[in-house]
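# An overview of the molecular structure
Spelled out, the chains give:
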Amino acid sequence: MSNAGIKFTFLNRICMIKHKISLTVNGQKTEAEVEPRMLLVQFLREELSLTGTHVGCDTSSCGTCNVLLNGIPVKSCTTLAVQADGASVTTIEGLAGHDALHPIQEAFRDQHGLQCGFCTPGMVITTKGLLDRNPKPTEAEIRDALEGNFCRCTGYHNIVRSIQQASGQLSSS
Amino acid sequence: MDKRKEIFPHGIPGHNLGEIEREIPNDEPPAWPINDKLKVVGKRIRRNDALAKVTGSAKYTSDIQLPGMLYAKMLRANVPHAKILSIDTSKAERHPGVRAVHVFTSDDEGSKYQDVKYAGQPLAGVAADSLDIAKEAVALIEVEYETMPFVIDTEEAMKEGAPLVYEEPIGEQTDGGDVGVTHDGSEGKGNLRGPTTSSFLGGARGDLDQGFSEADVILDRTYRTQVHTHVPLETHGVVIDWKPDQMTVYASTQSTKGVRDGLASYFDLPKNKVRVICEFMGGGFGAKHSAGTFGPMAAELSRKSGRPVWLMLDRKEEHIAEGNRPNSIHHLKIGAKKDGTLTAIQQKSHGTAGVALGAGVGRIAQGLYTCPNFSTEQYDVLTHAGPGAAWRAPGNVQGAYGLEQAIDEIADMLKTDPLVLREKIDPSEVRKVLRQRGAKSFGWKYRPPGSDTGRIKKGIGVAQSTWPRFVNLDSTVEVKMYSDGTVEVRSGVQDIGTGTKTILAQVVAEELGLKAEDITVRIGDTIFPDAPGSGGSIVTGAITPPARNAAYLVKQKLFNQVAPQLETEPSMLTVSDGMIMHKEDASKKISMRDALRRMRTGQIEASASRSDDYGGFQQPWGLAYGDLGSVQFAEVSVDTETGFVKVERITAAHSCGRPLNISQIESQVNGGVIQGVSYALYESRVMDNKTGHMMNANVDQYRMPYAKEIPDIDIVLVEEYSARSSTDAYGIGEPANIATAAAVANAVYNAIGVRLYEIPMTPASILKALNKVEQ
């Protein structure tokens, strides 16, 4: 245990050296000084209070922490804040304008693409990434794209339908 | 209380729908007709919490941020069984950024600390300026253990001389959501506790020897299931702000009342000094009924620091310490006559809920089929592993996995279609309809086991379940109407994600002639009236009747004020499409909005509690029994070269009384079925018996399905009216999950002609089973 103490003191010294980062989050320029160990998800949630991005695991498996980094969905729990330096980050809060819903959000609401809703922000962000590169995905392509997002409650089918609606392949009901 | 008689719809539309007269309390509303005559109830209504959830504005417990809030982390034992000689927190206390440290101590004489009973047991906690600092400080706490022998494996723990988990008798240790599982912890030999020999259905019946002597065939089998963890995507946790006048608790819980009562009792506080809030929560499945150990820890740290404390568990802690579905070694001996009549069922089971109790296999074998001779012995086996907790139909999922395969095997022995056999032995009228409509939708055409040729073999299977119509009379709802037209529903009940908030809006809207979106629902806060935890599929049947009844009462109050204005009697008024109108004279009407604006006071309100079931179904143990059925059909394909099983499709035929929101029910059934498929094929807690640690305490190696791996799901929903309350509605959370694993197991057998007797059915276990055939 005393070894652990020494190790932590040493690590602390390194970790204390803060790095200045400058990035755009949901269209707003942001500058901050962060510890090198700070994860992007910590930065978004704790520094910017953007708590729509969730943490469901720590093994990059669940996808509840997905955000768009320069337009590409990434797992913000395994991205360091310093890696986002100079980048543009979009979180669930920044997907649509104030008082408006993005068609993907509209679709998840229409198609009951959620139950507890904890996975929903990550699902919506993953969908945005998918539809940006493939506007009319097949059902198989949709399910492929979700291979990195867990839903424990409601079992995916309504999520797939939500994405079909968002891509104009299913009418709202 | 004064009563009156009302005529209610009764039975199943398209099958035996009729009417029945019930005596009901005078302050409850007249019967609703069946759903096709209603406007809001029984329809596909969008969820009223969806907007907050799709925009990220929904604040889950883990999202709560309060001024001055600290982050906390707990230290957990890294050995499975030990006495603690010392815990030194001095280095942690000196660590920069640490604001409070707390160590759990013992009240027992002779030892300062509680003994460690499983690897992962919480010992101490630290609150600090950041989670990283709290984690560092936890690593600085020094613990001196005197380790002791331990036992992890269930069958090893049953042996004489195995290391004991408890020297002393232990009491009830299971969660509030547990129903009908092993409870008897007062006596036992070694690590065994029990047996449980009865349930609320009664105890042993008939004469087993006589029953077996009358049998033409006797099946004698053992079925095994694994330990299965809940894995809600939001872990357990709280944010606690303990101020002198009140402890405010934000909790990810399925029982605001349970957390409040637990903390009030732990700290000897009056209940009104503890306020528990759960507006949104990220799944629970049975594991989140109480304040756990993290609740008292966060409260202690808040008290010591004078600051709000955030304490959410990480994924590993969630797996090892916050509940699981116990495993089962389930022995069934069943006798049957040539015509299928069951003559005897003898059940014996063992299972481990680790350091807790609750490993019974439920009432499925006792209650599903007609059989005059029955006995059961269900034992808990204590092991040095994390405590089990209620998990979606506790015990019954393991129970159905055994029984429904046994019935399948008997059908095989009698060379009959298993669906036909069930028609013969199942007394339930509801399941008769579920079988008919389910089989038609599935396209059930029985084929003999192993008859498919080729490398990839397809098979079909069926399994059934039963679940009681539990209610809880401590369920109260208040409905308020404001002069600006606002209508608000208030209750302490929480929405675990199933859509409770939405169905409350629906039943109130239906009663008041409004739209569901006109109703504001404020729930999940103990400042509102008490309501039950979200467990046992209780909530819908418990909370929607008082919601409707309170709306009815507040409507009568409004009618009393409106009637003079319309020059009529209150009893002559009715509501429809936002209007209050005279029942016979269409010219006499006023909009609800105008009526509210002209009220004498700024608001009117009424509250109502769940009354006893109409028809006297109430049982002495506080719950009304009745049958909520399910019949599930599965088709699988098995690759006999790789051992890979794919569940191609499931038809899930269900009843839940009067359906309130079809889309939400479908969501529940989809989720239940997929959890069942995952239980049958993928998930399993893997323990290292040498160290006592869980080896796959993450969601990487603890396998769960993604969107590609799930079957097509066809839902057959049967409306069924039993006239027991003003909404006649029930939940479907548990029924959705009970039969799936058994149906899949029967389908795998049907495909390959070999039965596995154990889940999960991994490729390795399939190949092993097939090699046996070849030998």
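A quick note: this is a predicted structure, and the numbers were derived from the prediction, not measured. (Residues numbered from 1 in each chain as written. Chains lettered and ligands numbered in written order. Predicted model: local features only at pLDDT ≥ 70, side-chain atom pairs only at ≥ 80, totals over all residues.)

### Topic: the interface of chain A and chain B
In plain terms, the rule: Residue pairs qualify as contacts under a 7 Å threshold applied to their C-beta atoms, which are placed from the backbone. Numbering of helices and strands runs from the N terminus; a helix is a DSSP stretch of H or I covering at least four residues, while a strand is a stretch of E covering at least two. All residues other than Ala, Val, Leu, Ile, Met, Phe, Trp, Tyr, Cys, Pro, Asp, Glu, Lys and Arg, Gly among them, are scored as polar; the first ten of these are nonpolar and the last four charged.
Contact with chain A, which involves 48 residues of that partner, is made by 51 residues of chain B. Contributing elements (two or more residues each) for the side of chain A that touches chain B: helix H1 (2–16), helix H3 (103–110), helix H4 (120–133), helix H5 (139–145) and helix H6 (157–166) of chain A. Its residues assigned to classes, the side of chain A that touches chain B shows 20 nonpolar, 19 polar and nine charged.

### Thoughts on the pairing of strand S3 (residues 66–69) of chain A
Residues and elements named next belong to chain A. The criterion, for reference: Exposure is read from a count of other C-beta atoms within 10 Å of each residue's own; the residue is exposed at 12 or fewer, buried at 20 or more and partly exposed in between. C-beta atoms are placed from the backbone. When DSSP locates at least two bridges between a pair of strands, those strands are taken to pair.
Of the two faces of S3, the one lined by Asn66 and Leu68 and the one lined by Val67 and Leu69 are each fully buried. Across four bridges, S3 lies against strand S4 (residues 72–75) in antiparallel orientation. Across the sheet, residue asparagine 66 finds its bridge partner in S4, namely lysine 75. With antiparallel pairing between neighbouring strands as the criterion, S3 and S4 make up a hairpin whose turn holds two residues, including asparagine 70 at a positive phi of roughly 50°. The pairing of S3 with strand S5 (residues 88–90) spans two bridges and is classified as antiparallel. By the bridge assignment for S5, leucine 68 is matched with threonine 90.

### Re the packing of helix H13 (residues 500–512) of chain B against helix H14 (residues 539–565) of chain B
Residue and element names in this part refer to chain B. Rules: Fitting a line to C-alpha atoms yields each axis, with helices limited to the stretch in contact; the angle taken between N-to-C directions then spans 0 to 180 degrees. With the far helix as reference, a near helix turned anticlockwise by less than a right angle produces a left-handed crossing, and one turned clockwise produces a right-handed crossing.
Direction vectors running N to C along H13 and H14 enclose 35°, while the axes themselves pass 9 Å from each other. Seen from above, H13 lies across H14 with right-handed handedness. Across the interface between the two elements, Thr500, Ile503, Leu504, Val507, Val508, Glu511 and Leu512 from H13 touch Val539, Thr540, Ile543, Thr544, Ala547, Arg548, Ala551, Tyr552 and Lys555 from H14.

### Thoughts on the domain arrangement of chain A
Accessible area lost upon the coming together of the parts serves often as the stated size of an interface. Residues and elements named next belong to chain A. Here is the rule we go by: Annotation comment: domain bounds sourced from an automatic or database domain assignment.
Split by domain assignment, chain A resolves into domain 1 (17–94) and domain 2 (103–166). Centre-to-centre separation of domain 1 and domain 2, based on C-alpha positions: 21 Å. Across the contact, 16 residues belong to domain 1 and 13 residues belong to domain 2. Elements with a minimum of two residues in the side of domain 1 that touches domain 2: S3 and S4. A total of three residues in the side of domain 1 that touches domain 2 trace back to one element, the largest contributor, which is S3.

### A closer look at the sheet that holds strand S8 (residues 192–196) of chain B
Pairing between sheet strands relies on hydrogen bonds along the backbone, with the strands arranged either parallel or antiparallel. All names here are of chain B. The strand order across the open sheet built from five strands is S8-S18-S17-S16-S9, with neighbouring strands paired in mixed fashion. Here the strands that pair on one side only, and so sit at the sheet edges, are S8 and strand S9 (217–225). Direction aside, the axes of adjacent strands within the sheet are offset by 15° on average. Pairing geometry for strand S16 (residues 328–336) and strand S17 (residues 342–351), over eight bridges, is antiparallel. Bridging from a neighbouring strand, isoleucine 334 pairs with isoleucine 345 of S17.

### Thoughts on the nonpolar core
Residues and elements named next belong to chain B. Short version of the rule: What we call a nonpolar core is a set of buried Ala, Val, Leu, Ile, Met, Phe, Trp, Tyr and Cys residues whose membership is set by joining through C-beta atoms within 7 Å.
If you look at the biggest cluster of nonpolar residues, it comprises 264 residues, and the most contacted ones within it are Ala72, Val249, Val508, Val744, Ala745 and Val748. When sequence neighbours within four positions are dropped, the list of residues in contact with alanine 745 reads Tyr401, Gln405, Gly461, Ala680, Leu756, Ile759 and Met761. Of all hydrophobic cores here, the second largest spans seven residues; its members include Phe8, Ala31, Tyr721 and Ala723.

### What about the domain arrangement of chain B?
Here chain B is described as being made up of domain 1 (38–54 + 472–609), domain 2 (64–150 + 236–312), domain 3 (164–230 + 324–401) and domain 4 (428–468 + 623–774). The gap between the C-alpha centroids of domain 2 of chain B and domain 4 of chain B is 38 Å.

### Side note on the sheet that holds strand S3 (residues 70–76) of chain B
Residues and elements named next belong to chain B. Strand order in the open sheet formed by seven strands is S5-S6-S3-S14-S11-S12-S13, and the pairing between neighbours is mixed. Strands with a single pairing partner mark the edges of an open sheet, and in this sheet they are strand S5 (98–103) and strand S13 (274–277). For this sheet, the mean angle separating the axes of adjacent strands, direction not counted, is 20°. Here strand S11 (residues 237–243) runs beside strand S14 (residues 309–312); their pairing, made up of four bridges, is antiparallel. Along S14, the bridge assignment pairs isoleucine 240 with valine 309. Sitting on the sheet, helix H6 (residues 256–266) touches strand S12 (246–251) and S13, and the angle it makes with S13 is about 150°.

### Overview of the packing of H3(A) against H6(A)
Any two packed helices are characterised by the angle at which their axes cross and by the distance between the axes. Residue and element names in this part refer to chain A. Test applied: Throughout, the term roughly parallel applies to angles under 35 degrees, roughly antiparallel to angles over 145, roughly perpendicular to angles from 65 to 115, and oblique to all others.
Running from amino to carboxyl end, H3 crosses H6 at an angle of 135°, the nearest separation of the two axes being 8 Å. Classed by the angle they form, the pair H3 and H6 counts as oblique. Crossing of H3 over H6 shows right-handed handedness. Here Pro103, Ile104, Ala107, Phe108 and Asp110 of H3 lie close against H6, whose contacting residues are Ser162, Gln165 and Ala166. Class assignment of the residues belonging to the contact of H3 with H6 gives a composition of five nonpolar, two polar and one charged.

### Regarding unusual backbone geometry
Backbone torsion omega between Gly194(B) and Pro195(B) reads 5°, so that peptide bond is classified as cis. Counting through the fold element by element, Pro195(B) comes out in strand S8. A cis geometry characterises the amide bond from Ile759(B) onward to Pro760(B), with omega recorded as 5°. Tracing the backbone shows Pro760(B) in the loop between helix H18 (740–752) and helix H19 (763–774). Positioned with a positive phi, Ser60(A) is a non-glycine residue whose angle comes to about 60°. On the secondary structure map, Ser60(A) appears in the loop between helix H2 (40–47) and S3. Among the residues examined, Ser60(A) registers 15 C-beta atoms within 10 Å and is labelled partly exposed. One non-glycine residue, Ala393(B), adopts positive backbone phi at about 60°.

### Side note on H2(A)
All names here are of chain A. The buried fraction of H2 amounts to six of the eight residues, a majority that puts the element mostly inside the structure. Taken together, the buried positions of H2 are Leu40, Val41, Gln42, Phe43, Leu44 and Arg45. Summarising the contacts, the buried residues of H2 are in contact with strand S2 (28–34) and S3. The positive-phi residue at the C-terminal boundary of H2 is serine 49, with phi of around 55°.

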